[in-house]
Amino acid sequence: MKKSTCLLIIIFLSGLITAQAQSYSVSGTVVDENNVPLLGVNVIVKGESRGTTTDFDGNYIVDDISTGDVLEFSYLGFIAQEVTVSSQQTIDVQLITDSEALDEVVVVGYGTQRKSNVVGSVSSVEVDEATAIPTTNVSEMLRGRAAGVQVNLGSARPGGESNIVIRGNVSVAPNGNSPLIIVDGLPFDNLNDVAPSDIASIEILKDAASTAIYGSRASNGVILVTTKRGVEGITRINYNAYTTTQSVTKNFNLYDGSQFIDLRREANRNRFTGDYLRDENIFSPFELETIENRQFVNWEDLVLREGVIQSHSLSFSSGTEKTKIFSSLNYFTQNGIIPNSSYDRGTFKLNLEHQITDKLTFRGIFNYQNATQDQETGGLNFTTITPLARPFDENGELVKFYLGNSITAVNPLWDQRESTDESKINLTDVNLNLTYNFTPFLSYTLNTFLRNRNTNRGIYRSSLHSAGDEGIDGIGVLANTLFKQVLVENIVNYNPQINDDHSLEITGVQAFDEQENQFTQIDKSGFTNDALGYNGNATTLLANVRNVSQRRLLSFLARVRYSYLNRYLLEATARADGASVFAANNKWGYFPAVSFAWKMHEEPFLEAVESINEMKFRVSYGATGNQGINSLESLGVANDRPYVFNGQTVGGSTASSRLPNPNLKWETTTTFNAGVDFRLFNNLFDGTVEYYKANTTDLLLDRSIAGTTGFNVIRFNVGELQNEGFEASLNSNFISTENFRWTLGLIFSKNRNEIISLTGETDDNGNPIDITDSSGRRLSIGQSINNIWLPKYDGIYQVGDDIAGSGNPLAQPGDVRVVDQDGNGQIDDRDNVFINTDPDWYGSITNTFNYKNFELFADVYFVQGATRLNSVLANGELWKGAINGIRTKYYTPEFPSTQYPRPKPDTHLHLFPFAVRDASYIRLRTLTLGYNLPNNALSKIGIDKLKIYATGNNLLTFTDFRSYSPEQDLLSNGGTSFPETRDITIGTNITF
Amino acid sequence: MKIIKSYLLSKKFFVILIALTFSTSCQDDFLEDKLLSDTSVDFLYSSPEGLESAVVGLYALNRTIYEDLSLNGAFPLILQAKSDLSVGITGEASLYSRLLWGASLGDYGTASGINAYWVTYYRIIDRANAIIRGAENLTDVDEDRRNQILAEAKAMRANSYFILYRLFNNIFITTEPTTPENAFDVPQDKSSEEEIFSLLRSDLDFAIENLDYSPEEFGRWSQGAARHLRAKVAIWQEDYSEAAAQADAVINSGNHSLTTTEQVFAGDLNHSETLFAVNFEFQTIGGGGPHILNWNMVSSYAEAPGLVQSVENGGAAAGFISLNKYVIDLLNDDPNDERRDGTYYIFEYEYNDESGLPPGKELGEPLDLYENSETDQNEFMLYYRRQNPGVLKFFDATVEPTDRNHFKNIMIYRLAETYLIGAEAYMMLGNNSKALEYLNAVRTRANTDPASEINLQAILDERARELAFEGQRWYTLKRTGKLYEFLLDHMNNDNMNESYPEGNPKNILREYMENWPIPQQQIDLLGPNYPQNEGYN
């Protein structure tokens, strides 16, 4: 991939160095009405596919101009100008603001719209700001970029993913809170399949008015991504490259060797006499040896390395009146900070548009992606492994039994060396789209999409690995997932010209969508040798799994937009969806929405008011649905339960522990939204303020059922959940002078999640009962669905406390104290209280400073009032001195702590309540310094624009939550989480 | 508008309209949710083939507690940990023996391990109910085939209900399979003892009538196992003549006999003494496991100088709970007792590592560096961790001695217990000579001197020696009303009891603990007045 990228650059470069015809260059400066130079004005030679853009000082140079050529100057928000070249070599231009706008075109569901005409709640993301993060995780790029959009870090590993929640969790279903991702009009199952440098715009649809057109998948909002297209008259080659180094960032210390020894000694101290046990009792002979030699291990240092990212993007775009092309090649490679973790991805994209006849237009999109993800072996506990270990022998070779020969635990570094885990992903997308314009007002579009993703995962644990040794002779796992999606849409658009006062637009769509997953896994062992890894021959089949699932969706929808005098806008949509995952007689759902907007600034009485450039009020009301459940939940499914008789496998089955619900139907979210869009004081400020209330009914609730039934769980429709929130965003061009500009952006979001009703059943006292769902989450009326339900932490027992009269009469000074709510002298479920984990609010402040050719961008992200359980502090082994972890000033009889418990040889009670910690934070997420080389210097070497930049990500974080990141718990899946990193990037962006 | 009208009538528009309607006309089929790679429950419980595979599924479910490795494999050891024969040394299993776990509603051990028993055995019962209902409804099936399915399912159901009853006392029984329609008709009250025992009796009587003594496949319910269980049910109800009759039937069936002491727990347990076992197989689909029972119950001898893990010493071991002084003394009563010689139990770990050999010791000599001091914690902790006798009843001698993951079949019911049930039943019926005959059959097999007198203590002592750590002790003491007294006298060992950081568990022990607490999360899902066992609140 790397080679081919280089090759293409050379081809492109050689194409550029061609002989120039006899003619001259024209240069000049473009300024606005206040004589402030304009950056990025398109200067195009009319009729030819070439041109340039202005630099920071508003300067441009166009070569190869002959007299009579027409230069076209265009810039968003300004009225375009054409200048015919007579013979002058300098043409200075002043562009006049287009009052109509600053009125960008935004993408909405099944179409585009002028921003001023948008009736629903739609946020546009600043793509340049968003893509300043060196990752393939596009979700992370949206963090702090739009009001109401919350991003939760999923996995920080190379190729990892994050979860996006728009306006709070509206669903209790497992896959029920992911927004619908639409890329170029096509539903994507993964946002990260888009290469960041291909993105032209991102819009977030938040209220029912804008999302109802996506019906049953839209209750969590919709993210619309549009990739770059060719533009008529401009041919451009762009090359963007950066390299990033990553290092771990954290706010806690581990115990070093001698501190760890003290911890272990303290833990084993007799509680009554205060005597220490002899070391011989609490350390193994091997540990005693390491203590004597003072050979301690810092696992973090040993395991973690510096991560490196390299990214290259090369794109080509061109366009004529009839044909427009955009094509790109991207290559991204990352070696994570944990050895054996890496991600390599190459993508190719072709966006093609061709007008076949006056009436028939063809659009095609072709994406191809090839990626490899390598993962370290599971359970790499570098934060919790004991420092009393010896991973290397005298010769620096890895030792298998690193805790001495009597302990069978295997050196994690040894296991790393003896394992591979790689996933190879192949993705192919084909989108063919034909539009036939019957008249200028009536068109029909056929939109088809086919996606194939093949994921091949191979895991091998060699015959020396702890999972493959002891007579197993290597374990291999081969897993193959084939994901197939087919979409066909028939779209009719009718847009009659009635008269100047009325405008009407009608859209009708019929669509079907099918997604199929085929999963095959084979586990095998008994490899003749390790040489071929998982590709080798094995003698024993340990497991074979085959899973095929399918979901289908059939939809009909219509939308009517009407506007009167361009002041009063009305929009109505309706959609009917049938989904296969629901029960036989509940397949269909209906989702209507209406919205109204008043463009007050268009009223005659406001036309004279200069301080108000725009003032628009919007309200909307509508319903959307959720089908975020797995297939087969309405059907009775049996699980494979084979057994063995006389050493032979015998097939067995039993009904799965999920009881089917033959009446399962949609979850419906009804949203009210009201907002104001404004632009004030001669465009100095613009912003949006919004309020919403979304009520979800018929919750797809997974409910635990009595163990006496023999089942665990059933999903059924009951209850109501409410999300209510407030959002504000504000942009300002505070300072805008010739040499210096300062742009400020503020985003603020607040959401309150609350359960309104559940099953309606009551307990003995007539109070509504709580429901525990299958993930162990406790749902209770009046509480958020994101909560921790535990006793309330109440400090550490001190000498002299009334322990006998407390909730834990057996406690000793130094133990964790929790509140005995019912005062019965015992701590159990009935003493639990709810702790909301959702943030009170979150937001960001972005600043862009331009000084001459320099650009400084700083982005600060806030999360306030969030709560998270710290699973290292909650781990009883830590307080036993059995594992390492977050270092604390723990309680000792000599120095009684009021914050941290006393180490003890058994697991402390109530460590979980103790470990519930505030996870609020403030973080300098991005700091970028860029420099644009002046145009006059560049044009001589055939370069249009050249920018070099340096970016730091996660440079500063202020938080009390002790971890690698306040977004993540230290431990996950039995090992240390893949730490989030601090990144330093340098890069360049060249346009020819 | 004219333009539109003309287009409405135009051919092209018509074609589109047809396309639209065509793609929706078969929507019912199009939107059907299909089982593409799963078996449907309907098939499973409505055809002979399905039912037979569902019966196999019952055996697999019945294995789940043993192969559960959560909390270091503590779940299958809760009964052992709670008995009067064990000492909790360290680890999760020991928390149950120290009553920090599993003895109150609020503790984690109740919410996890105790709950696992409730859930697992009720699951087996529901699936057995579904099989029994399905088999009864089958038409056009060979009667023997139907009865075989019914007999195995009923034996499994009776076994599960009997376990639940003895553990939790306040249980609810039903023979109705759960459906989406009835799942929320939650039990409002416990079932009466009479209801419970009449179901146990009728299930087992059916099983006895229809099962063979030697099933085609080892590990399935046999007539011997069903009769053994029937005897246990009978003696629980103090129906001594029925218990004696069932014991006699098994003992005299000609299909079962006591093996030698070495053989009882050797190999795959497929021998004349085994009545019921749970099957495992290394690296085989359906082979389950592994289990780490042995690792929990053999001392961590390899931490001592001069010893490395070996098959002779009992393989990989951590020594979380093990034999306490009470049962060790019982086994030491007779110097010729073979059960200590690395057959049932291991009393001596031998030096086998020349490089670490302490001064004055020879290879092959028993480890004797530590002393079970009555007061010095420094001494007795090392003794318990490294030198205390261990249990070999679950030891898989075929895996590497460094591997704690074992795939040995697990003994559930065996003939030695049948003899001891017979002995107790005859004693209660006043037939002491027959009682002694049965008791001494077990004693002489272990190479101990025959007893000449019989009383309940003698039977309980012999049961302790013979059956310790097989999971029956706790039930036996509960049945005979001795649980509280024996635990107060013997639980753990006094030096350990005094050293636990939370204080002596004997101070926590209460008589009501003879019933396990019904986990609060289960009580919450039952009817509002469903009775918790007395004492837990």
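Rules and cut-offs
- Residues numbered from 1 in each chain as written.
- Chains lettered and ligands numbered in written order.
- Predicted model: local features only at pLDDT ≥ 70, side-chain atom pairs only at ≥ 80, totals over all residues.
- Helix = DSSP H or I, 4+ residues; strand = E, 2+ residues; numbered from the N terminus.
- Rg over C-alpha atoms; globule rule 2.2 N^0.38 Å.
- Buried ≥ 20, exposed ≤ 12 C-beta atoms within 10 Å, placed from the backbone.
- Contact = placed C-beta atoms within 7 Å.
- Pairing = 2+ DSSP bridges.
- Axes fitted to C-alpha atoms, helices over the stretch in contact; angles between N-to-C directions.
- UniProt positions renumbered as here; feature names shortened; annotations may be inferred.
- Nonpolar A, V, L, I, M, F, W, Y, C, P; charged D, E, K, R; others polar.
- Left-handed = near helix turned anticlockwise from the far one by under 90°.
- Expected span 1.5 Å × (residues − 1).

Once that is clear, we can look at the overall build of chain A. Scanning chain A from terminus to terminus reveals 13 helices and 55 strands. A globule of 992 residues ought to have a C-alpha radius of gyration of about 30 Å, and chain A, at 31 Å, matches this closely. With respect to the principal axes defined by its C-alpha atoms, chain A has extents near 100 × 70 × 65 Å. When each of the 992 residues of chain A is scored for burial, the buried share is 44%. Considering only contacts in chain A between residues 6 or more positions apart, those separated by 24 or more positions represent 68%.

The next point concerns the overall build of chain B. Broken down by element type, chain B carries 24 helices and 7 strands. Seen along its three principal axes, the alpha-carbon backbone of chain B occupies a region of about 115 × 55 × 45 Å. Residue burial in chain B is summarised as follows: out of 537 residues, 53% are buried. Here the contacts in chain B between residues at least 6 apart in sequence split such that 66% fall between residues at least 24 apart.

Okay, the sheet that holds strand β30 (residues 637-640) of chain A next. What the 3 strands build is an open sheet, ordered β33(A)-β30(A)-β1(B); its pairing is antiparallel. Each edge of the open sheet is held by one strand with a lone partner, namely β33 (653-655) of chain A together with β1 (39-40) of chain B. Alignment of β30(A) against β1(B), held across 2 bridges, turns out to be antiparallel. By the bridge assignment, A:V637 is partnered in β1(B) with B:S40.

Sheet strands pair via backbone hydrogen bonds, and the direction of the pair is either parallel or antiparallel. All names here are of chain A. Pairing is antiparallel in the open sheet, where 4 strands are placed in the order β3-β2-β5-β6. For this open sheet the edge positions go to β3 (50-53) and β6 (81-84), each flanked by a neighbour on one side alone. Between one strand axis and the next, the sheet turns through 20° on average, direction left out of account. In this sheet, strand β5 (residues 70-74) lies alongside strand β2 (residues 42-45) in antiparallel orientation, the contact comprising 4 bridges. Its bridge partner being in β5, I44 is matched across the sheet by E72.

Per the UniProt entry, the sites bearing "domain: SusD-like N-terminal" (unreviewed entry) are residues 112-229 of chain B in this numbering. Across residues 112-229 of chain B one finds 65% helix and 0% strand; the C-alpha atoms that close the span lie 28 Å apart.

Listed per partner, the contact involves 84 residues of chain A and 81 residues of chain B. The element that contributes the greatest number of residues to the side of chain A that touches chain B is strand β26 (residues 538-564) of chain A, accounting for 11 residues. A per-class count over the side of chain A that touches chain B returns 34 nonpolar, 36 polar and 14 charged.

All names here are of chain B. Of note, T120 is situated in helix α9 (residues 108-137). Its 22 C-beta neighbours within 10 Å are what place T120 among the buried residues. Considering only alpha carbons, one finds T120 and S160, 40 residues apart in sequence, at a separation of 8.9 Å. Ignoring any residue separated from it by four or fewer positions in sequence, one finds T120 in contact with L61, T64 and I65.

With that settled, consider unusual backbone geometry. For the bond running from B:G289 to B:P290, omega is 5°, close enough to zero to count as cis. Despite not being glycine, A:R167 shows a phi value in the positive range, around 55°. When you line up the elements, A:R167 lands in the loop between β12 (162-166) and β13 (180-183).

Residue and element names in this part refer to chain B. As for its position among the elements, N495 is in helix α23 (residues 494-499). Given 20 C-beta atoms within 10 Å, N495 falls into the buried group. Distance from N495 to P519, taken between C-alpha atoms, is 31 Å for residues 24 residues apart in sequence. Residue contacts for N495: discarding those within four places in its chain leaves E374, T375 and F380.

Attention now goes to the UniProt feature "domain: TonB-dependent receptor plug" (unreviewed entry) in chain A. Feature annotation in UniProt places "domain: TonB-dependent receptor plug" (unreviewed entry) on residues 115-222 of chain A, given in this structure's numbering. Along residues 115-222 of chain A the backbone is 11% helical and 27% strand, and the end-to-end C-alpha distance reaches 17 Å.

Turning our attention to the UniProt feature "domain: RagB/SusD" (unreviewed entry) in chain B. Mapped onto this numbering, the UniProt entry gives "domain: RagB/SusD" (unreviewed entry) at residues 235-536 of chain B. In residues 235-536 of chain B, helix accounts for 35% and strand for 6%; the two terminal C-alpha atoms are 28 Å from one another.

This brings us to the packing of helix α12 (residues 223-236) of chain B against helix α18 (residues 415-429) of chain B. All names here are of chain B. Packing of α12 against α18 leaves a shortest axis separation of 10 Å and a crossing angle of 35°. For the element pair α12 and α18, the recorded crossing hand is left-handed. Residue-level inspection shows H228, A231, K232 and I235 of α12 in contact with α18, the latter providing T418, I421, E424 and A425. Here the contact of α12 with α18 is composed, by residue class, of 4 nonpolar, 2 polar and 2 charged.

Moving on: the environment of A:P903. Residue and element names in this part refer to chain A. In this structure, P903 sits in the loop between α11 (876-879) and α12 (911-915). Of the residues examined, P903 has 24 C-beta atoms within 10 Å and is grouped as buried. Separated by 383 residues in the primary sequence, P903 and T520 have C-alpha atoms spaced 47 Å apart.

Turning our attention to the pairing of β2(A). The sheet contact formed by β2(A) and β3(A) spans 4 bridges and is antiparallel. Paired with A:V45 across the strands is A:R50, a residue of β3(A).

Turning next to helix α10 (residues 143-168) of chain B. Helix length check: α10(B), at 26 residues, gives a terminal C-alpha distance of 36 Å against a target of 38 Å (1.5 Å per residue), a fit within 8%. Within α10(B), 20 of the 26 residues are buried, which leaves it mostly tucked inside the rest of the structure.

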